[in-house]
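Residue strings, one per chain:
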Amino acid sequence: MTPAIETGRKPDARQMDYFPSFSQPILYYLFGGAALTAFAVLAAFPPQRISRETAFEGTFLLSAWAALFACRWPIFLWPDPLNPDEGAFIACAMKARFDWIPWRGFDAGSSGPLNCDILALPALFGAHMGFFSARVTGLCLIAGAICTLYYTVKWIYGAGVARLSIVPPVLLFAFTKTADFVHYSSEHLSIFLTTAALAAAAYLARGMGSKGSRLIACVIGGLCLGSTPLQNSKRRL
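Counting restarts for each chain: residues are numbered from 1 in the order of the written sequence. Confidence filtering applies because this is a predicted model: local features only for residues at pLDDT of at least 70, side-chain atom pairs given and counted only at 80 or more, and all residues used for totals across whole chains, interfaces and linings. Here the side-chain values reflect all heavy atoms present in the structure, with hydrogen atoms and water set aside.

Caption draft 1: Region of the structure containing the pattern of salt bridges. Salt bridge, as used here: a side-chain nitrogen of Lys or Arg that lies within 4 Å of a carboxyl oxygen of Asp or Glu. Tallied over the full model, the rule gives two salt bridges. With a closest N to O distance of 2.6 Å, Lys-154 and Glu-57 form a salt bridge. Here Lys-154 is found in helix H8 (residues 131–157), whereas its partner Glu-57 is found in helix H4 (residues 53–76), with 97 residues between them in sequence. When a residue's accessible area, from a 1.4 Å probe over protein chains only, is under 20% of the maximum for its type it is buried; when over 50% it is exposed; and in between it is partly exposed. A relative accessible area of 8% places Glu-57 in the buried class. A run of H or I in DSSP counts as a helix once it spans at least four residues, and a run of E counts as a strand once it spans at least two, with each numbered from the N terminus.

Given below as structure tokens:
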């Protein structure tokens, strides 16, 4: 766990100004360590009463989100692109605000338009679009994929195995400092869509739930799988 980023070069003085964790590293390690400890404790010790399982489950997943953001927030403040694709996706998202039709208003190259459209969501709330919002969006997609992974495993093997199953990905994305794993990329959305569809399939295979809930699971799975070509499609002439 470290606020530094492996980009192949050291940050200059201007970039260092964006990292209060460098001047106050004790706060970064304190909050990050506390969040990771809470997550590990909740993963290792299940609730004593079944009646509290729902509340415990929500607290556990919230601790996973907290651990991710507590360890990754300094990267949100890095003022320069960590990868050429990151800047290209953000530029396409800015153009999508004025012309959302793919390959006319913007061209994401070999990537699909959804990878850019999702970065334009902050504009709906009047927020600024840039590296900060893109990296927050990417980590939210990863955190969402981890939550859907939890329910996928839970509906097949039970809650105990599900808690242990998300420990490795949470630790990976919390501790990693390699630029290729922390910048916004086209893989973020594809991981979320695939895992969400897998969770819907696991719910259906479980053979439980009302007819309405099973229908909703079918719709979610179909939308996620159907969106995959729009997430990773190449322009063909």
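Caption draft 2: Region of the structure containing the packing of aromatic side chains. The rule is short: rings of Phe, Tyr and Trp, with Trp giving its six-membered ring, pair when the centres are within 6.5 Å, and they are stacked under 30 degrees, edge-to-face over 60, tilted in between. Counting across every chain of the model gives eleven aromatic pairs. With centroids separated by 5.2 Å and ring planes inclined at 75°, the aromatic side chains of Tyr-28 and Tyr-29 adopt a geometry described as edge-to-face. For Tyr-28, a relative accessible area of 2% corresponds to the buried category. Connected via pairs of aromatic rings, a cluster forms that spans Phe-39, Phe-60, Tyr-150, Tyr-151, Trp-155 and Tyr-203.

Caption draft 3: Just the nonpolar core, in detail. One finds Phe-39, Phe-60, Leu-68, Tyr-150, Ile-166 and Val-170 to be the most contacted residues of the largest nonpolar core, which totals 29 residues. Counting residues per element, the ones that place at least two in this core are helix H3 (25–44), H4, H8, helix H9 (159–165) and helix H10 (167–175). Of the residues forming this core, the biggest block, nine residues, is contributed by H4. By the convention used here, residues are in contact when the closest approach between their heavy atoms is within 4.5 Å. Beyond its immediate chain neighbours, meaning those up to four positions away, Phe-60 contacts Phe-39, Leu-42, Ala-43, Tyr-150, Arg-163 and Ile-166. Of all hydrophobic cores here, the second largest spans 20 residues; its members include Ala-108, Cys-116, Leu-189 and Cys-224. Buried Ala, Val, Leu, Ile, Met, Phe, Trp, Tyr and Cys residues that are joined via side-chain atoms within 4.5 Å together make up what is termed a nonpolar core.

Caption draft 4: Fine view of the layout of surface pockets. Computed from the structure, the largest pocket encloses a volume of approximately 210 Å³. Buriedness of a pocket was judged along seven lines, with at least five required to meet protein on both sides within 12 Å; pockets are open sets of points on a 1 Å grid over the protein atoms alone, cavities are sets where a 1.4 Å probe fits but cannot get out, and lining residues have an atom within 4 Å of a point. Along its surface, the largest pocket is lined by Thr-148, Tyr-151, Trp-155, Ala-196, Ala-199, Ala-200, Tyr-203, Ala-217 and Ile-220. At the level of secondary structure, the elements contributing two or more residues to the lining of the largest pocket comprise H8, helix H12 (186–206) and helix H13 (211–231). With four residues, the single largest contributor to the lining of the largest pocket is H12. Under the scheme applied, nonpolar residues are Ala, Val, Leu, Ile, Met, Phe, Trp, Tyr, Cys and Pro; charged residues are Asp, Glu, Lys and Arg; polar residues are all the others, including Gly. Considering only residue class, the lining of the largest pocket consists of eight nonpolar, one polar and no charged. Grid points are joined across faces, edges and corners, and a volume is the space filled by probe spheres set on the points.

Caption draft 5: Expanded view of the packing of H4 against H8. Interaxial distance between H4 and H8 falls to 10 Å at its minimum, and their mutual angle equals 150°. Taken together, H4 and H8 sit at an angle that is classed as roughly antiparallel. Both H4 and H8 take part in a crossing whose hand is right-handed. In this structure, H4 contributes Glu-53, Glu-57, Phe-60, Leu-61, Trp-65, Leu-68, Phe-69, Arg-72, Ile-75 and Phe-76 to the contact, and H8 contributes Phe-132, Arg-135, Val-136, Leu-139, Cys-140, Ala-143, Gly-144, Ile-146, Cys-147, Tyr-150, Tyr-151 and Lys-154. When grouped by side-chain class, the residues that make up the contact of H4 with H8 number 16 nonpolar, one polar and five charged. Fitting a line to C-alpha atoms yields each axis, with helices limited to the stretch in contact; the angle taken between N-to-C directions then spans 0 to 180 degrees. With respect to orientation, any angle under 35 degrees is reported as roughly parallel, any angle over 145 as roughly antiparallel, any angle of 65 to 115 as roughly perpendicular, and every other angle as oblique. Handedness of each helix crossing follows the sense of rotation of the near helix against the far helix: counterclockwise by less than a right angle gives left-handed, clockwise gives right-handed.

Caption draft 6: Examining the packing of H4 against H10 more closely. Running from amino to carboxyl end, H4 crosses H10 at an angle of 20°, the nearest separation of the two axes being 8 Å. By the angle between their directions, the pair H4 and H10 is classed as roughly parallel. The element H4 and its partner H10 pack so that their crossing is right-handed. Facing Ala-64, Ala-67, Leu-68, Cys-71 and Arg-72 of H4, the residues of H10 in contact are Val-170, Phe-173 and Ala-174.

Caption draft 7: Molecular detail of H8. With 27 residues, H8 should reach 39 Å at 1.5 Å per residue; the first-to-last C-alpha distance of 39 Å fits that figure. Looking at the residues trailing H8, positive phi occurs at Gly-158, about 105°. In this scheme, a helix's expected span is set at 1.5 Å multiplied by one less than its residue total.

Caption draft 8: Here's a closer look at the environment of Phe-60. Along the polypeptide, Phe-60 turns up in helix H4. Take Phe-60: its relative accessible area is 0%, and that puts it in the buried class. Here the alpha-carbon distance between Phe-60 and Phe-39, two residues 21 residues apart in the chain, equals 6.7 Å.

That's the geometry; what it means functionally is another story.
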